[in-house]
Amino acid sequence: MKTTKRVKVDNNRQIEAYLKDRGLKEHEKELLSIIARDHRDFSGNVLDLGCASGTFIKAMHDKWPDAEYTGVDISGELIDISRKKLAGVSVNLIVQDITRYKPAGKFDIIIASGILSCFEDFESVLGKWTSWLKKSGRLYIFGRFNSCDIDTKIIYRNNRYSRDWEKGLIVYSVDTVKRYLEGIKLKHDFKRFYLNIDIQKNENPIRTYTARCVDGSVLVINGANTIAEQFFLTIRAAE
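Residues numbered from 1 in each chain as written. Predicted model: local features only at pLDDT ≥ 70, side-chain atom pairs only at ≥ 80, totals over all residues. Heavy atoms only, no water.

Enquirer: I'm lost on the overall build of the protein in this one. Help?
Expert: Of the regular secondary structure elements, the protein holds 5 helices and 13 strands. In terms of overall size, the protein behaves like a compact globule, its C-alpha atoms giving a radius of gyration of 18 Å where 239 residues would be expected to give roughly 18 Å. The principal-axis extent of the C-alpha atoms belonging to the protein is close to 60 × 50 × 40 Å. Relative to its 239 residues, the protein shows a buried fraction of 46%. Relative to all contacts within the protein whose residues are 6 or more apart in sequence, the contacts with residues 24 or more apart total 66%. Counting every atom, the protein has about 13,400 Å² of accessible surface; 48% of that belongs to carbon and sulfur. On the protein, the mean spot of the 39 positive side-chain charges and the mean spot of the 32 negative ones are 3 Å from each other. (Helix = DSSP H or I, 4+ residues; strand = E, 2+ residues; numbered from the N terminus. Rg over C-alpha atoms; globule rule 2.2 N^0.38 Å. Buried < 20%, exposed > 50% of the residue type's maximum accessible area, 1.4 Å probe, protein only. Contact = heavy atoms within 4.5 Å. Areas by Shrake-Rupley, 256 points an atom, 1.4 Å probe, with all protein chains shown as cover. Lys, Arg positive; Asp, Glu negative; His and termini not counted. Charge placed at Lys NZ, Arg CZ, Asp CG, Glu CD.)

Put into structure tokens, the structure is as follows:
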């Protein structure tokens, strides 16, 4: 009897995009503005899930120097960069897979930028993250969502770097997530993000780049032939 070989699929762990020093990306600038709209004189505590090289924590600290920050990332190399970048900042940097992370307390602000698409069960993930919020806390998510009510799951193999299959391009529809959040009675807001700059192709084909349509709008695409609709999602803690 012929057996089917099981294909091993890992989460996307490509960190090359975060190794070079850089300023805020366009979506990070807008995310900072969204957070500033909700929090003016802020001195609470912040958790950045998938904090990478600490660029966004640094930007938040520049705006809210009295807040306390925690950053979690699976890459020790990126956490080392964060420690250098955030020297003198009140921050706790942790090398850990965020699926295993268990905070000691709750947070006023939790940030999860670009990581929800790594999870095949978004409901348990959002349930866990929102349970870490204080009573008046907010969870800020940025990532790919589908404006059509279709969920997609894609695995890919980036042959430039590896022969392994990876995930990290799961896209949930806005309506799918809304139905879940409404079912557990959590207030939330989706806001579409429109990139208005051009990004050239990178030597790493999985990295996103842009193409201009005839009407001047921008498509965000990658070498896996996927088009990304990007949204901010703000979720408020249960009262």
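Picking up after the structure, the text goes on.
Enquirer: Would you take a moment to explain helix H5 (residues 174-183) for this structure?
Expert: Helical periodicity: at 3.6 residues per turn, an α-helix aligns residues three or four positions apart in one direction. Residues of H5 that are buried: Val174, Thr176, Val177, Tyr180 and Leu181. In an axial view of H5, the angular spread of the buried residues amounts to 165 degrees, which keeps them on one side of the axis. Lys185, located one to two residues past H5, shows a positive phi value of around 60 degrees. (Arc of directions from axis to C-beta.)

Enquirer: Explanation requested: the nonpolar core in the structure shown.
Expert: In globular proteins that are soluble, nonpolar side chains generally tend to be buried together. One finds Leu49, Leu126, Trp129, Ile141, Phe145 and Val177 to be the most contacted residues of the largest nonpolar core, which totals 34 residues. Of all the secondary-structure elements, those providing two or more residues to this core are strand E2 (45-49), strand E5 (107-113), helix H4 (122-131), strand E6 (133-146), H5 and strand E13 (230-236). (Core = buried A, V, L, I, M, F, W, Y, C linked by side-chain atoms within 4.5 Å.)

Enquirer: Even after reading the chapter, I still don't get the packing of H4 against H5, so can you show me in this structure?
Expert: Two measures define how a pair of helices packs: the angle their axes make with one another and the distance between the axes. Put simply, H4 and H5 touch, their axes get as near as 11 Å, and they point 50 degrees apart. For the element pair H4 / H5, the angle class is oblique. Where H4 crosses over H5, the handedness of that crossing is right-handed. Two secondary-structure elements touch here, H4 through Phe122, Glu123, Leu126 and Gly127 and H5 through Thr176, Val177, Tyr180 and Leu181. Of the residues assigned to the contact of H4 with H5, the class counts are 5 nonpolar, 2 polar and 1 charged. (Axes fitted to C-alpha atoms, helices over the stretch in contact; angles between N-to-C directions. Parallel < 35°, antiparallel > 145°, perpendicular 65-115°, else oblique. Left-handed = near helix turned anticlockwise from the far one by under 90°. Nonpolar A, V, L, I, M, F, W, Y, C, P; charged D, E, K, R; others polar.)

Enquirer: What am I meant to see in the sheet that holds strand E10 (residues 209-212) here?
Expert: Note on sheets: strands pair through backbone hydrogen bonds, and any given pair is parallel or antiparallel. Judged by pairing direction, the sheet is antiparallel, and its 3 strands sit side by side in the order E10-E11-E12 without closing on themselves. This sheet does not close on itself; its edge strands, each paired only once, are E10 and strand E12 (227-228). Where E10 lies against strand E11 (residues 218-221), 4 bridges are found, and the strand directions are antiparallel. The residue of E11 that forms the bridge with Ala211 is Leu219. (Pairing = 2+ DSSP bridges.)

Enquirer: Any chance you could explain the pattern of salt bridges here in plain terms?
Expert: Side-chain pairing between opposite charges can occur once the charged atoms of the two side chains come close. According to the stated counting rule, one finds 15 salt bridges in the structure shown. For Arg138, the salt bridge identified is with Asp38, shortest N-O distance 3.7 Å. In this pair, Arg138 sits in strand E6 while Asp38 sits in helix H1 (residues 26-38), placing the two residues 100 residues apart along the sequence. Accessibility expressed as a relative area gives 25% for Asp38, which makes it partly exposed. In this structure, the salt-bridge partner of Arg192 is Glu229, at a minimum N-O distance of 3.3 Å. Remark: Glu229 occurs in the loop between E12 and E13 and Arg192 occurs in strand E9 (residues 188-193); sequence separation between them is 37 residues. Classification of Arg192 as partly exposed rests on a relative accessible area of 28%. The structure contains a network of salt bridges with shared partners spanning Arg37, Asp38 and Arg138. (Salt bridge = Lys/Arg side-chain N within 4 Å of Asp/Glu carboxyl O.)

Enquirer: Just checking my understanding: could you explain the packing of aromatic side chains for this structure?
Expert: Both the distance between ring centres and the angle between the ring planes are used here to describe each pair of aromatic rings. Under the counting rule described, the total for this entry stands at 11 aromatic pairs. Geometrically, the ring pair formed by Phe145 and Phe190 is edge-to-face, given 5.2 Å between the ring centres and 80 degrees between the ring planes. Placement of Phe145 in strand E6 and of Phe190 in strand E9 is noted, with a sequence separation of 45 residues between them. A residue is classified by how much of its surface remains accessible, and Phe145, at 2% relative accessible area, is buried. Grouping aromatic residues by their ring pairs yields a cluster made of Phe122, Tyr172 and Tyr180. The ring of Trp64 has Lys63 lying over it, and the distance from NZ or CZ to the ring centre is 5.9 Å. (Phe/Tyr/Trp six-rings, centres within 6.5 Å; stacked < 30°, edge-to-face > 60°. Lys NZ or Arg CZ within 6 Å of the ring centre and 35° of its normal.)

Enquirer: How should I be thinking about the side chain of Gln230 in this particular structure?
Expert: Relative to the elements of secondary structure, Gln230 occurs in strand E13. In this structure, Gln230 is in contact with Phe142, Gly143, Lys191, Arg192, Phe193 and Val220, ignoring residues within four places of it in sequence.

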